[in-house]
Amino acid sequence: MLFNDFRKGLSVTFKYLFKKPVTENYPYEKIKMPQRARWLHHFNPKKCIMCKLCENICPPKCIYMTVVKNEEGKRELKGYDIRIDRCIFCGLCTEVCPTKAITMTDVHEFADKDRKNFHFNMEQLSKVGQEEEKKVG
Ligand code: SF4
Ligand code: SF4
């Protein structure tokens, strides 16, 4: 009985001995994200029409826009911040955006020990995913 179990166990070991490993050697080898992965946001201030749809629809209210009137009386976008530590990555902000100014990228390596570093401002968000050029709405 014991020998049979031992033989069965060894047969499984030998079966997988020459097969390709299914595990990822992360972080030494990068994981390929699915095509529609929804990770860190990319924000393009040039495309934003300041409609605030994204800010209003966000369930945990983690988008903060600062819109001011300039000397000519025109609205001007002064700030666009996202508290990523509160974001649930639902993608609603990207769904409602009429100009695709806010999109989600496959950039997922932003782990940090300090909560302050999860507060992304407009400048930081505009740089997200620039190399990858892969953005999904
Ligand atoms: S993905 Fe969802 S939770 Fe995150 S900022 Fe957009 S709307 Fe808010
Ligand atoms: S929904 Fe799009 S265009 Fe409207 S404020 Fe948000 S990012 Fe700007």
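Refer to the structure presented above.
Here the structure is a predicted model, which is why all the values come from computation and not from measurement.

Colleague: Help me understand the environment of P27 in this model?
Modeller: With respect to the helices, strands and loops of the structure, P27 is situated in the loop between α1 (2-17) and β1 (41-43). Separated by 82 residues in the primary sequence, P27 and E109 have C-alpha atoms spaced 9.7 Å apart.

Colleague: What am I meant to see in the sheet that holds strand β3 (residues 75-83) here?
Modeller: By definition, the strands of a sheet pair up through backbone hydrogen bonds, in either a parallel or an antiparallel sense. Spatial ordering of the open sheet is given by β2-β3-β5, a layout of three strands whose pairing is antiparallel. Looking at which strands have only one partner, the edges of the open sheet turn out to be β2 (63-69) and β5 (119-120).

Colleague: Is there a simple way to explain the site of ligand 1 in this structure?
Modeller: Taken together, 13 residues sit near ligand 1, with C58, C87, C90, G91 and C93 positioned nearest. Of the residues contributing to the shell around ligand 1, the split by class is eleven nonpolar, two polar and no charged.

Colleague: Sorry, what's going on with the environment of T99 here?
Modeller: Positionally, T99 belongs in the loop between α3 (92-96) and β4 (102-105). T99 sits 22 residues away from L77 along the chain, and the two C-alpha atoms are 15 Å apart. Contact partners of T99, with chain neighbours within four places excluded, come to K47, C48 and I49.

Colleague: Can you help me understand the environment of Q130 in this one?
Modeller: Position of Q130 among the secondary structure elements: in the loop between α4 (122-127) and β6 (135-136). Residue Q130 is classed as partly exposed on the basis of its relative accessible area of 46%. Separated by 122 residues in the primary sequence, Q130 and K8 have C-alpha atoms spaced 52 Å apart.

Colleague: Would you take a moment to explain the nonpolar core for this structure?
Modeller: In summary, soluble globular proteins display a tendency toward joint burial of nonpolar side chains. F43, I63, Y80, I82, I84 and I102 are the most contacted members of the largest nonpolar core, which has 27 residues in total. Secondary structure elements with two or more residues in this core: β2, β3, β4 and α4. Among the elements that take part in this core, β3 stands out by supplying three residues, more than any other. Ignoring any residue separated from it by four or fewer positions in sequence, one finds I102 in contact with H41, H42, F43, C54, Y80, I82, C93, T94 and C97.

Colleague: Teacher, can you tell me more about the pattern of salt bridges here?
Modeller: Note on pairing: side chains with opposite charge can pair once their charged atoms come close. Applying the stated criterion across every chain, the model contains seven salt bridges. A salt bridge links E109 to K30, with the nearest nitrogen and oxygen atoms 3.1 Å apart. With E109 in the loop between β4 and β5 and K30 in the loop between α1 and β1, this residue pair connects regions lying 79 residues apart in the sequence. Measuring nitrogen to oxygen at the nearest pair gives 3.4 Å for the salt bridge that ties D85 to R115. Taken together, the residues span a long stretch of sequence, with D85 in the loop between β3 and α3 and R115 in the loop between β4 and β5 at a distance of 30 residues. Here the salt bridges share partners, and the residues they tie into one network are R83, D85 and R115.

How each quantity is defined
Residues numbered from 1 in each chain as written. Chains lettered and ligands numbered in written order. Predicted model: local features only at pLDDT ≥ 70, side-chain atom pairs only at ≥ 80, totals over all residues. Heavy atoms only, no water. Helix = DSSP H or I, 4+ residues; strand = E, 2+ residues; numbered from the N terminus. Pairing = 2+ DSSP bridges. Near = heavy atom within 4 Å. Nonpolar A, V, L, I, M, F, W, Y, C, P; charged D, E, K, R; others polar. Contact = heavy atoms within 4.5 Å. Buried < 20%, exposed > 50% of the residue type's maximum accessible area, 1.4 Å probe, protein only. Core = buried A, V, L, I, M, F, W, Y, C linked by side-chain atoms within 4.5 Å. Salt bridge = Lys/Arg side-chain N within 4 Å of Asp/Glu carboxyl O.

These values are about where atoms sit, not about what they do.
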